[in-house]
Amino acid sequence: MASTLWKIAGQTVDVSAHAMIMGVLNVTPDSFSDGGEFFTAKKAVVQGMRMAGEGAHIIDIGGESTRPGADPVSADDEIARVLSVLKKLREKIPVFLSIDTAKASVAREALENGASIINDVTGGRGDPEMFALAAEKKAGLIIMHMQGTPRTMQASPHYEDVVGEVVDFFRQQYECALECGVDSMAIAFDPGIGFGKTVEHNLALLAHLDRLRVENRPIVVGVSRKSSLGKMIGSNAMEDRLAPTIAFTSMLRERGANVLRVHDVKENVAALRVTEALLEAAK
């Protein structure tokens, strides 16, 4: 297979032999994983710097919670939450910064103040201007699959063929992005684990990761701290989800994932490094 390359704001990154760790930075009061621990700009900047120091290649900054049942926030509120964090992190750390948003107006402000990747949980369906913006700014673009909205997505997820339907969505949105002028090399895909999916749906997608790849574009996966992990191990404690996350980081890298979106950077960077060492030795 040809190398999998990802073009991000003029830089081309080979994510074939070495995957990227994306650290999650929620600048929200109601995130499912950290409960607003980094809601203040000062704490968020410190956390972003810590994750970069631990080896994160990307810091993904979000100002609107996408946990199940979450209420939407205005673009102005979202911008107010993330902008100062973005500006300060751009000054302090050399890694890629990503904006986790479904609003083109928020993405534009972020891209003009240090971000170089758009991570859109609606996969371009939430705002018709998003793909054109990605093309204009030459940003890396993550197209994620979600059934429903954060408020409704876990009410009653249903698919006839979850893998086939997610792949069909990827192909459809890929073509839409190209029509809007997005460079094909800038696009990556995320199956949206836990976004309108049951545990069984999540496992089916992860078990068939190879089928999800479209046009040899990078695959982004985020299983970190997801409730489905708790259901698999029979525990509701957030701290019990770290070990399963690390296990998935290793397994999914071996199965072809190119970007792993995680909350606990240090542990997952270590898992990624030993996994890639083994993969290299096995060649």
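Scroll up to find the structure this text is about.
Draft legend 1. Representation of the sheet that holds strand 7 (residues 140–144) in the model. Strand order in the open sheet made by the eight strands is 8-7-6-5-4-3-10-9, with parallel pairing throughout. In this open sheet, the two edge strands, each paired with only one partner strand, are strand 8 (187–190) and strand 9 (220–221). Judged from the five bridges that link them, strand 3 (residues 20–26) and strand 4 (residues 58–62) form a sheet pairing that is parallel. Directly across from methionine 22, in strand 4, lies its bridge partner isoleucine 58. Helix 9 (residues 265–281) contacts strand 3 and strand 10 (259–262) of the sheet and is inclined by roughly 170° relative to strand 3.

Draft legend 2. Examining unusual backbone geometry more closely. A positive phi angle, close to 55°, is found at lysine 138, a residue other than glycine. Among the secondary structure elements, lysine 138 is positioned in the loop between helix 4 (130–137) and strand 7.

Draft legend 3. The arrangement of the packing of aromatic side chains in detail. Within this structure, the stated rule accounts for three aromatic pairs. A centroid spacing of 6.3 Å and a plane angle of 50° characterise the contact between phenylalanine 169 and phenylalanine 170, whose relative ring orientation is tilted. For the pair phenylalanine 169 and phenylalanine 170, a shared accessibility class is recorded, and that class is buried.

Draft legend 4. Summary view of the side chain of lysine 197. Inspection of the secondary structure assignment puts lysine 197 in the loop between strand 8 and helix 6 (199–207). Salt bridges are absent for the buried lysine 197, whose nearest opposite-charge side chain, aspartate 190, sits at 7.4 Å. Looking at lysine 197, its side chain comes within polar contact range of the main-chain oxygen of proline 191, at 3.1 Å. In this structure the side chain of lysine 197 is engaged in a polar contact, spanning 2.9 Å, whose partner is the backbone oxygen of glycine 192.

Draft legend 5. A look at helix 8 (residues 242–254). Spanning 13 residues, helix 8 covers 19 Å between terminal C-alpha atoms, matching the ideal 18 Å at 1.5 Å per step. Within helix 8 the residues assigned to the buried category are Pro244, Thr245, Phe248, Thr249, Leu252 and Arg253. The arc enclosing the buried residues of helix 8, seen along the axis, measures out at 160°, which places them on a common side. Tucked inside the fold, the buried residues of helix 8 contact helix 6, strand 9, helix 7 (227–233), strand 10 and helix 9. Downstream of helix 8 by one or two residues, glycine 256 has phi in the positive range, about 115°.

Conventions we followed
Per chain, the residues get numbers from 1 upward, laid out in the order the sequence is written. Local features in this predicted model are restricted to residues whose pLDDT is 70 or higher, and side-chain atom pairs enter the listing and the counts only when it is 80 or higher, whereas totals over whole chains, interfaces and linings include all residues. Each side-chain value is worked out from all heavy atoms of the structure, with water and hydrogens disregarded. Two strands are said to pair when DSSP picks up at least two bridges between them. Comment: elements are numbered from the N terminus, with helices defined as DSSP H or I runs of at least four residues and strands as E runs of at least two. The contact criterion used throughout is that any non-hydrogen atoms of two residues lie within 4.5 Å. Fitted lines through C-alpha atoms give the axes, limited to the stretch in contact for helices. The angle between two N-to-C directions lies from 0 to 180 degrees. Two rings from Phe, Tyr or Trp (for Trp, the six-membered ring) form a pair when their centres sit within 6.5 Å of each other. Planes less than 30 degrees apart are called stacked, planes more than 60 degrees apart edge-to-face, and all others tilted. Only protein chains enter the accessibility calculation, which uses a 1.4 Å probe. A residue is then buried if its area is under 20% of the maximum for its type, exposed if over 50%, and partly exposed in between. Positive charge is attributed to Lys and Arg, negative charge to Asp and Glu, and no charge count is given to His or to the chain ends. When a carboxyl oxygen of Asp or Glu lies within 4 Å of a side-chain nitrogen of Lys or Arg, that pair is called a salt bridge. In protein, a polar contact means a hydrogen-donor-capable atom and an acceptor-capable atom, both N or O and within 3.5 Å, with residues adjacent in sequence counting only if both atoms are side-chain atoms; elsewhere, any N or O pair within 3.5 Å suffices. To estimate the expected span of a helix, count its residues, drop one, and scale the result by 1.5 Å. Think of the arc as the fan of directions from the helix axis to the C-beta atoms.

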